[in-house]
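Examining the three-dimensional arrangement
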Amino acid sequence: MAELRTRFAPSPTGPLHLGHAFSALTAFDLAQSAGGTFLLRIEDIDAPRCRPEWEAAIRADLRWLGLTWPEPVMRQSDRLAAYGAALDRLAARGLLYPCRCTRGDLRAALSAPQEGVPPAGPDGPVYPGTCRHRTMAGAGPQDAIRLDMARAAQITGPLHWTEGCGPLAGPRTASPRDLAAEVGDVILARRDIGTSYHLAVTVDDAAQGITLVVRGEDLAPATAIHVLLQRLLGLPTPAYHHHRLIRDAAGKRLAKRDDARALSLFRAEGASPDDIRRKIGL
């Protein structure tokens, strides 16, 4: 049986809050209980928003919580060549096309008279396919790169993965053809950073040998996209555990801008790691 390997992959764009603590501790505890490995990954491809001081704060908070991990950690900013190689493999199969649409173009296209309301996928309203006729031969530096989901559906069968962990784990299935309608042609490389969350997380999880992806339930709708990319790139499919979210008193999901629940403030007020565990129900 393969070693259980989990990860916590924060972006150094702000302070960790109680929701981050819940996700990191859940991933760490699952790995520890199985005699496996917990990994830290720094998702720093959004360079304008990432700061070294935030990364240092992330490491300090995690160590204060009692988490340990192997060094050196994987950094997405060091992995652009790997993402480019994955894009080249998909392009060679005719699965990509360049897109020059701006946000204004998309708003105009989606607001045009049509039947019903444009469906929304994990990345927002489903792209209407304006640039689908273009080929990668005509791609320019200002283009985003999209996955032709309908073409991908033609070469893949049903998608399968396991959701949950332990005795509550169960099989999940998705149809690539349904993804084409419900998700649309997702962006795999943004013009400003050369990759996207969907592509980077898929390539990195495989590179780190992650066997159980632990993340919030808000990311569950993206899982079928990642399993499809794994199939297209010949990568292994891990199991997924999408945990509950930590919310404020009004029931709103915590965000990095919610500094009132930053772990550093709890530390400054004299809280202990056990206090944090009790506060988030672990």
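Procedures and definitions
Residues numbered from 1 in each chain as written. Predicted model: local features only at pLDDT ≥ 70, side-chain atom pairs only at ≥ 80, totals over all residues. Heavy atoms only, no water. Helix = DSSP H or I, 4+ residues; strand = E, 2+ residues; numbered from the N terminus. Rg over C-alpha atoms; globule rule 2.2 N^0.38 Å. Buried < 20%, exposed > 50% of the residue type's maximum accessible area, 1.4 Å probe, protein only. Pairing = 2+ DSSP bridges. Axes fitted to C-alpha atoms, helices over the stretch in contact; angles between N-to-C directions. Contact = heavy atoms within 4.5 Å. Parallel < 35°, antiparallel > 145°, perpendicular 65-115°, else oblique. Nonpolar A, V, L, I, M, F, W, Y, C, P; charged D, E, K, R; others polar. Phe/Tyr/Trp six-rings, centres within 6.5 Å; stacked < 30°, edge-to-face > 60°. Lys NZ or Arg CZ within 6 Å of the ring centre and 35° of its normal. Core = buried A, V, L, I, M, F, W, Y, C linked by side-chain atoms within 4.5 Å. Salt bridge = Lys/Arg side-chain N within 4 Å of Asp/Glu carboxyl O.

**Quick word on the overall build of the chain**
Assigned secondary structure in the chain consists of ten helices and twelve strands. In terms of overall size, the chain behaves like a compact globule, its C-alpha atoms giving a radius of gyration of 20 Å where 282 residues would be expected to give roughly 19 Å. Principal-axis analysis of the C-alpha atoms places the extent of the chain at approximately 60 × 45 × 35 Å. Scored against the burial criterion, the 282 residues of the chain give a buried share of 47%.

**Some points on the sheet that holds strand β7 (residues 144-147)**
Here we have three strands laid out as an open sheet, ordered β4-β7-β10, and antiparallel in their pairing. Every interior strand has two partners, whereas the edge strands, β4 (96-99) and β10 (187-189), have only one. Within the sheet, the average angular offset between the axes of one strand and its neighbour, ignoring direction, is 45°.

**What to know about the sheet that holds strand β3 (residues 74-75)**
Here three strands make up an open sheet; going across it, the order is β1-β2-β3 and the pairing parallel. Since the sheet does not close on itself, it has two edges, and those belong to β1 (5-8) and β3, each with one partner. By the bridge criterion, two bridges tie strand β2 (residues 37-42) to β3 in an arrangement that is parallel. By the bridge assignment, Ile-42 is partnered in β3 with Arg-75. Packed onto the sheet, helix α1 (residues 18-33) meets β1 and β2 and runs at close to 165° relative to β1.

**What to know about the environment of Leu-147**
Mapped onto the elements of the fold, Leu-147 is located in strand β7. On the accessibility criterion, Leu-147 (0% relative accessible area) is buried. Residues Leu-147 and Leu-188, 41 residues apart in the sequence, show an inter-C-alpha distance of 6.5 Å. Every residue in contact with Leu-147, bar those within four places of it in the chain, is listed here: Leu-95, Leu-96, Tyr-97, Ala-152, Asp-185, Val-186, Leu-188, Leu-228, Leu-229 and Leu-232.

**Comments concerning the packing of helix α3 (residues 80-92) against helix α8 (residues 223-233)**
Packing of α3 against α8 leaves a shortest axis separation of 10 Å and a crossing angle of 75°. In terms of axis orientation, α3 runs roughly perpendicular to α8. Touching Ala-86, Arg-89 and Leu-90 of α3 are Leu-229, Leu-232 and Leu-233, all from α8. For the contact of α3 with α8, the class distribution of residues is five nonpolar, no polar and one charged.

**A look at the packing of aromatic side chains**
Across all of its chains, the model carries one aromatic pair by this definition. Relative to Phe-38, the ring of Phe-28 lies with its centre 5.5 Å away and its plane at 85°, an arrangement referred to as edge-to-face. One end of the pair, Phe-28, is in helix α1; the other, Phe-38, is in strand β2, with ten residues separating them in the sequence. Above the face of the Tyr-127 ring, Arg-146 is positioned so that its terminal group lies 3.6 Å from the ring centre.

**Brief notes about the nonpolar core**
Ranked by internal contacts, the top residues of the largest apolar core, which has 34 residues, are Leu-90, Leu-147, Leu-188, Leu-199 and Leu-228. Mapped by element, the contributors of at least two residues to this core are α3, β7, α5 (149-154), β8 (159-163), β10, α7 (197-207) and α8. For Leu-90, the contacting residues outside a window of four places in its chain are Leu-95, Leu-96, Leu-188, Leu-229, Leu-232 and Leu-233. Core analysis: the next-biggest nonpolar cluster, separate from the first, contains 29 residues, Leu-263, Phe-266, Ala-271 and Ile-280 among them.

**Notes on the pattern of salt bridges**
In the structure shown here, the tally under the stated rule is 18 salt bridges. Notably, a salt bridge pairs Arg-59 with Glu-55, separated by 3.4 Å at the nearest N-O pair. Of this pair, Arg-59 and Glu-55 both sit in helix α2 (residues 52-64), four residues apart, roughly one helical turn. Each member of the pair, Arg-59 as well as Glu-55, carries the same accessibility label: buried.

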